[in-house]
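Chains, contacts and geometry: an overview
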Amino acid sequence: MSEPTKPAGVRRREFLKVLGAGTAAATAAACTYAGPEETGKLIPYLVSPDQTVPGVSTYYATLCRECSAGCGVIAETRDGRAIKLEGNPEHPLNRGALCARGQAGLQGLYNPDRFRTPMIKSGSAWRAATWDEAINLLAQNLGETRGRGVLGTGVFLNQHESGSFPAFLDSWLASYGMRPHLSVDFEADHGAIDAHRRAYGASWPRWNLADAKLVISFGADFLDGWGASVPHQLDFAEARAKIKDAPRFIYIGPRRSLTGLNADQWIASKPGGELAIANFLLGRGDANAASQASGVSPATLQRLAQEFASAKPALVLAGGGGDNGVELVSAAAALNAVKPAAGDAITSLDGIARTSDVIATVERMRTGQVAIAFVRGTNPAYALPKSARFADAFAKVPFKVSFSMFPDETTELCDLVLPDLHTLESWGDAESTRGTITLQQPAMDPVFTGTRSTADVLIAVAKKDSAVASRFADADYRAWLFKRLPGGGSAQTMTAALAKGILPGSSAARAAAPAAPAAITPAASTTGDFFLVTYLSPSLGDGRGANKPWLQELPDPVTKVLWSSWAEIHPETATRLGIERGDILEVKTSAGSIRVPALVYLGVRPDTIAVPLGQGHASPAQSTWFDGKDKAVQWGYGRYARAVGANALDLLPARSNAGGGVIGTTRCSISKTGEQTTVVSTEGSARQHGRGIAQAISVNEIDAHGEQVEHEVKPPGDAPHKFLPGLRSPVAADAQGELGSPTAADQGVLQGLYDPKNPAKMTKRRWAMTVDLARCTGCSACVTACYSENNIPTVGAPWQNGVVYATHSPGFNITRGREMNWLRLERYYEGAEDGRFTEDFEARFIPMLCQHCGNAPCEPVCPVYATYHAPDGLNVQVYNRCVGTRYCSNNCPYKVRYFNWFGYGEPDRVQYAFPDPLHWQLNPDVTVRTKGVMEKCSFCVQRIREAEHRAALEHREVEADEFTTACAAACPSRAITFGDAADANWSVTKLIEDERAYHVFEELNTYTAVVYLKKVNHPAGAVTAAEGATR
Amino acid sequence: MTQRRKWTAIPGLLALAIGAVVLSAYSGASSSQNRQPVQPINFPHPLHAAGNLKLNCLYCHNTANKSPDPGLPAVGTCMGCHIVVRADKPEIKKLWTYYAMGGPTAKPIPWVRIHKVPDYVHFPHMRHVNAGVTCQTCHGQVQTMDRVYQYSSLNMGWCVKCHVNGYDPQEGLRATGYVPDTGRTVTPAGERKYARYDCANCHY
């Protein structure tokens, strides 16, 4: 009998055996000694710097130039790198607060798309050059242009600044025979500035919100981009915090902006119709005529007039961006009964060149009248409407120089790039209020050694030119500046002044107000079914914020949409036209068209479409998104901005009003393209569905003693606000495991650190936080401050998506719910539920973060004890223990736990969120999380430890209110208070006892450490408690 | 299973299991204890920290009592003496090459790091130094090490043991090697220094 042949199955069995044994062997081998952790090198200093202790932060007072306001900031640096910006408490303008755009200044400093060296364009290709070559090229061109006798036609467009640099720049230009520069700020409201000067004698007065009984805003978005937002917000929140004496706020405009959502009443007037309402209030014209012009019912106007007559004094503000902007602001000034104090103005907005003047200059370029042009810190190729045709005109200038830090649209058109230093790397000054100079000092050495301060470059160029060198005796700008400052820049004066960042005194006053405005004659209104309203993005501004991922990732405070553009349309109109959220619309005006997804929004008139500015950066050379790997210069304003959204300025005709500002409204038509997209948004639902998350109370319910008239029935499981030391929850034993449990082997004798008698005294503390919803305006500064402090990755960039089955588009990760914001600003609507147009709806803003529950649902379900309750009241997340089951996030009712689905913190992964040199900004006191780890708000535990360490070093206890969390420090509304609720000396302890205090989801028995104070509504007229009551 | 296969499979699996258990002893927090790397300059602690000079640790590691980071002497600190002292010796010549009189070719000495805790641990030197923990308790008698090696494992268990059991100042003094070892007394629990062992104390 022959041997049976081995069937094929035996071979497979052997293969599987080998595979199994091999795997087992490999696993065993992998468990062996893996070798010590790689430790790298320790690099000492060559010479120990003065006043720098490694591992301890050094703070520099300087200023912010993310907008024209010029707020004072304190830059925290660690080992020579700036890692966090906070407001300077000494600064009279921002008094310690800092908005989201200011926080994001660090991402401008460390932007991966910054120019590293000068660049010269030869043909159509750019190449890196040395400074010698670049300066020589500029000097050569200046010489040649002078030789042709046309140097006097040179134009310098500079970002608007207050302080000494404008004077320096003009003296440099004058020495070459060029006219003074144009100080450009495309975010400025020129109509308002013009009218303010006439009415109040100042470009931007300080509004006394504290003295008003009623605030009426005709489209002045003073909380989100109109003028200097931070001081407005500080004053507004203080005024509203008076509760009983707080002014009522009425917003009149076609689109309910963030400022409008903070108003107690919205009057939806047609764009341009606000003037009729103002005139009506002034007694010019009757209600019916005003109603015709504005589209607002006569009854509403009558009620408005009555309220205006009875609530005295009223503060009236207006935005001057419309056709009749100047007249509107003048009318508002006439109505305004709360006159700003003379001489107390925000002077940093003085001297801004009108956009109409910029456009006139562009026209001169087009006719070949400009021989040489310089651009610094401004991007007219993007920020002027396309209909102004900047690119064509600019191309006619024979030699164009850009000092830009970033590869923006205007720079791409230039011939030479001399990259400037960032504000945080250079010297300067600003004057935000008369009589106080804000000093700008470098917080660190330049990130890129190949960049130079423009002022120093101009001095170097001048020194090469024998004709002008004699006028520039100073070695550098710092020397020139110091000589001009009060005190002559002596070491004594400057040492004291730089420590505070402010110097009493004044730089030279700006040039006198310009001559009577020459407005570009408005063409007849273009046709179209709809009004189009464009507005400055609260996070991106006029577009300058688009290259900073924190700002792209910051959901728009009103719509909660990010990494996108959109067109807001009222639900009534959307239903009528069969448009749904996400339908791509083509919005068309006489000037151009764009394609954007539709967004249904209650706060826009049914005959109006609203589109935000700031997105749609583009480059003719590169049209696709950055792929994550390309090493070339990323034109189109960088990898985070290029091809994201659409540029709404393509829709505006280049018309300006009498104030010289481009008119941001026109008429448009919309059509469906048939395409659909998922709108990138972090919003789950815009409604509370009876969950009682953001609660409000009418001011009428609070009686004279500040106590609630009617007490609501409290649901069972209510957590009274007694924050006992240590753990509060009656199920404490559960939260701390077996320690202290009567059923433990030692009958609960050993309580470890949870024992009040333990020398560590951790149980003495109970960290808690209050958030006052009567103050919160929804600005989201806290969100960006948290990103900055806690190394939170941004995930929405087009290339950060998964490698398999993923769509590469901006915000794709967000649509999958992978956003990482530890603190989010939720916005809920109340009212207007039937989809029909009504002005009568309310928006409630609530910052939502880890509540550090005393009885946390997330703690018992972690299989590896990576989250637990600390004796001092924190809900702790230990990153290195976390294995990523995500059960904790599943259990969290507040959904404030975030999982690292990808390696956002790992440099070799494609989703890495901190491309060089963004990782320089990372806070060394906070772990950078890797893939597979859960993270959440830690109540800035690193700041708690830092304060405890500092107190221990100084042999004392931590003082009350000695430190606070990043979100609380940034908030311009001062809505957040953090501290030890077990100690009566801390502010938070008193706030927790406020009558308006409540916990979110109290009925779940979570015993949260975050207490919210109910929003206070100010309904019109005297209403009964029943009418005004809301929950 | 056949008899033959049983005699192959079971001992095989058993061997694998025993192997895994034995080898796992080397797994987990892999310790770099006793690591003694070669440094770019053969800096002898005995000469400086012991002998005639007896420089205090904090003379060079000057921020150990102010900062979480103990600090490393700047090259200029070394040059403070070695601009004259033993300038002819080969190791000092190496130092001079690094310092290069502060000129354009100057570069810092790239010391090989020995003691490192993982990035998710925040270890504050100053709390320990100011609590009276002697340097030698954790770092061994560096003043006797011709070439520095890692004396302790720096494992979490090793750290927590001291936090839980308390730091014995007598033990700390003995660890320095400067105090004669006469009569081993153990400080009673009441006088030892305890510290927090809460996770969020170090892991954040």
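Criteria and thresholds
Residues numbered from 1 in each chain as written. Chains lettered and ligands numbered in written order. Predicted model: local features only at pLDDT ≥ 70, side-chain atom pairs only at ≥ 80, totals over all residues. Heavy atoms only, no water. Helix = DSSP H or I, 4+ residues; strand = E, 2+ residues; numbered from the N terminus. Rg over C-alpha atoms; globule rule 2.2 N^0.38 Å. Buried < 20%, exposed > 50% of the residue type's maximum accessible area, 1.4 Å probe, protein only. Contact = heavy atoms within 4.5 Å. Areas by Shrake-Rupley, 256 points an atom, 1.4 Å probe, with all protein chains shown as cover. Pairing = 2+ DSSP bridges. Axes fitted to C-alpha atoms, helices over the stretch in contact; angles between N-to-C directions. Patch = residues over 30% accessible without salt bridge, like charges linked within 9 Å, V, L, I, M, F, W, Y side chains within 5 Å. Salt bridge = Lys/Arg side-chain N within 4 Å of Asp/Glu carboxyl O. 1 Å grid on protein atoms, 1.4 Å probe; cavity = no way out; pocket = protein on both sides within 12 Å on 5 of 7 lines; lining within 4 Å. Points joined across faces, edges and corners; volume = space filled by probe spheres on them. Lys, Arg positive; Asp, Glu negative; His and termini not counted. Polar contact = N/O pair within 3.5 Å; in protein donor to acceptor, adjacent residues only side chain to side chain. Buried area = accessible area lost by both parts, 1.4 Å probe. Phe/Tyr/Trp six-rings, centres within 6.5 Å; stacked < 30°, edge-to-face > 60°. Disulfide = S-S within 2.5 Å. pLDDT = per-residue confidence, 0-100.

Now for the overall build of chain A. Looking only at helices and strands, chain A has 29 helices and 36 strands in total. Taking 31 Å as the expected radius of gyration for a compact globule of 1031 residues, we find that chain A reaches 30 Å, a close match to that expectation. Considering only C-alpha atoms, chain A reaches an extent of 100 × 80 × 80 Å along its principal axes. Across the 1031 residues that make up chain A, the buried fraction comes to 61%. Across chain A, the fraction of contacts at a sequence separation of at least 24, relative to all contacts at a separation of at least 6, is 73%. When the accessible area of chain A is evaluated, it comes to approximately 38100 Å², of which 53% is carbon and sulfur surface.

So, on to the sheet that holds strand E4 (residues 81-87) of chain A. Residue and element names in this part refer to chain A. Across the sheet, which stays open at both edges, the three strands sit in the order E2-E3-E4 with antiparallel pairing between neighbours. Where the open sheet ends on each side, the last strands, each with one partner, are strand E2 (58-63) and E4. On average, each strand axis in the sheet is inclined to that of its neighbour by 30°, with strand direction left out of account. Across six bridges, E2 lies against strand E3 (residues 72-78) in antiparallel orientation. Looking across to E3, one finds that Thr-62 is bridged to Val-73.

This part covers the sheet that holds strand E16 (residues 428-433) of chain A. Residue and element names in this part refer to chain A. Spatially, the three strands line up as an open sheet ordered E16-E17-E18, and their pairing is antiparallel. Edge positions in the sheet fall to E16 and strand E18 (502-504), since each has one partner strand and no second. Within this sheet the neighbouring strands show an average axis-to-axis angle of 35°, counted without direction. One ladder, built from three bridges, connects strand E17 (residues 436-440) with E18; its direction is antiparallel. Residue pairing for E18: Thr-438 is matched across the bridge by Ile-502. Seen against the sheet, helix H19 (residues 491-500) touches E17 and E18 and runs at an angle of roughly 125° to E18.

So, on to a nonpolar patch on the surface. On the surface, Ile-83, Val-84, Val-85, Trp-96 and Met-101 of chain B cluster together into a nonpolar patch covering about 450 Å² of accessible area. Within the secondary structure, Val-85 of chain B sits in the loop between helix H4 (75-82) and helix H5 (90-99).

This part covers helix H12 (residues 325-335) of chain A. Residue and element names in this part refer to chain A. Counting buried positions along H12 gives eight out of 11 residues, so the element sits mostly inside the fold. Buried residues of H12: Gly-325, Val-326, Leu-328, Val-329, Ala-331, Ala-332, Ala-333 and Leu-335, and no others. Packed against the buried residues of H12 are helix H6 (190-200), strand E9 (214-218), helix H9 (274-281), helix H11 (298-310) and strand E12 (314-318).

Let us look at empty space enclosed by the protein. Residues and elements named next belong to chain A. In total, this model carries 14 cavities of 30 Å³ or more according to the counting rule given. Looking at the largest cavity, its volume works out to about 870 Å³. What lines the largest cavity is a set of 44 residues, and nearest its centre among them are Gly-321, Thr-534, Tyr-535, Leu-536 and Gly-664. For the lining of the largest cavity, the secondary structure elements donating two or more residues are H12 and strand E19 (530-535). Looking at the lining of the largest cavity element by element, the count peaks at three residues for E19.

The next subject is the pairing of strand E21 (residues 583-588) of chain A. Residues and elements named next belong to chain A. Inspection of the sheet shows E21 paired to strand E24 (residues 665-676) by five bridges, in the antiparallel sense. Paired with Leu-585 across the bridge in E24 is Lys-672. Two strands pair when backbone bridges link them, and E21 and strand E22 (residues 593-600) are joined in this way by five bridges, in the antiparallel orientation. Within E22, the residue paired with Val-587 across the bridge is Ile-594.

The subject of this paragraph is the side chain of Thr-347 of chain A. Mapping Thr-347 of chain A onto the fold places it in the loop between H12 and helix H13 (355-366). When near neighbours in sequence (up to four residues on either side) are disregarded, Thr-347 of chain A contacts Glu-431, Ser-432, Thr-433 and Arg-434 of chain A.

Residue and element names in this part refer to chain A. In this structure the tally under the stated criterion is 57 salt bridges over all chains. Across the salt bridge formed by Asp-235 and Arg-95, the nearest N and O atoms sit 3.2 Å from each other. You can see Asp-235 sitting in helix H7 (residues 229-240) and its partner Arg-95 sitting in the loop between E4 and helix H2 (100-103), a full 140 residues away along the chain. Classification of Arg-95 as partly exposed rests on a relative accessible area of 29%. In this structure, Asp-994 and Arg-996 form a salt bridge, with 3.9 Å as the shortest nitrogen-oxygen distance. Residue Asp-994 is classed as partly exposed on the basis of its relative accessible area of 26%. Owing to a relative accessible area of 6%, Arg-996 belongs among the buried residues under this scheme. Salt bridges sharing common partners tie together Glu-946, Arg-950, Glu-954, Arg-956, Glu-959 and Glu-962.

With that settled, consider the side chain of Arg-642 of chain A. All names here are of chain A. Mapped onto the elements, Arg-642 comes out in the loop between strand E23 (608-612) and E24. Among buried charged residues, Arg-642 stands out as having no salt bridge; its nearest opposite-charge side chain is Asp-630, 5.8 Å away. In this structure the side chain of Arg-642 is engaged in a polar contact, spanning 2.9 Å, whose partner is the backbone oxygen of Trp-635. The contacts of Arg-642, once residues within four sequence positions are left out, are His-617, Ser-619, Gln-622, Thr-624, Trp-625, Phe-626, Gln-634, Trp-635 and Gly-636.

Our next topic: the interface of chain B and chain A. Between chain B and chain A, the contact holds 51 residues from the first and 50 residues from the second. Counting the surface lost from both chain B and chain A, the interface buries some 4300 Å², and carbon and sulfur atoms represent 65% of this. Joining chain B to chain A, the criterion identifies one salt bridge. Note that Glu-948 of chain A is salt-bridged to Arg-196 of chain B, the shortest N-O span being 3.2 Å.

Another point: the packing of aromatic side chains. Residues and elements named next belong to chain A. Counted by the stated rule, this structure contains 41 aromatic pairs over all chains. Centroid distance Trp-266 to Phe-841: 6.1 Å. Interplanar angle 80°. Geometry classified as edge-to-face. On the criterion of sequence distance, the pair formed by Trp-266 in strand E11 (residues 265-267) and Phe-841 in the loop between strand E27 (824-830) and strand E28 (842-848) is long-range, its members being 575 residues apart. Geometrically, the ring pair formed by Trp-767 and Trp-986 is edge-to-face, given 5.7 Å between the ring centres and 85° between the ring planes. One end of the pair, Trp-767, is in strand E26 (residues 767-772); the other, Trp-986, is in the loop between strand E33 (976-980) and helix H28 (987-992), and 219 residues separate them in sequence. Note on Trp-767: relative accessible area 1%, which makes it buried. Look at Trp-986 and you get buried, because its relative accessible area is 0%.

This part is about the environment of Pro-313 of chain A. Residues and elements named next belong to chain A. Structurally, the position occupied by Pro-313 is in the loop between H11 and E12. Since its relative accessible area comes to 28%, Pro-313 is described here as partly exposed. Placed 102 residues apart in sequence, Pro-313 and Asp-211 show a C-alpha to C-alpha distance of 7.6 Å.

Quick look at the state of the cysteines now. Scanning the entire structure with this criterion turns up zero disulfides over all chains. The cysteine Cys-892 of chain A is free of any disulfide, with Cys-858 of chain A supplying the nearest cysteine sulfur at 6.3 Å. Under the relative-accessibility criterion, Cys-892 of chain A is labelled buried at 8%. No disulfide involves Cys-159 of chain B; its nearest neighbouring cysteine sulfur is the one of Cys-202 of chain B, lying 7.2 Å away. For Cys-159 of chain B, a relative accessible area of 28% puts it in the partly exposed group.

Here the focus is H9 of chain A. Residues and elements named next belong to chain A. Where burial is concerned, most of H9 is hidden: eight out of the eight residues are buried. Every buried residue belonging to H9 is among Glu-274, Leu-275, Ala-276, Ile-277, Ala-278, Asn-279, Phe-280 and Leu-281, and all of these are buried. Where H9 is buried, its residues meet E9, strand E10 (248-252), E11, helix H10 (287-294), H11 and H12.

Turning our attention to the confidence of the model for chain B. Of the residues in chain B, 96% have a pLDDT of 70 or more, and the chain-wide mean is 90. Interface scoring of the predicted complex returns ipTM 0.89; its pTM is 0.93.

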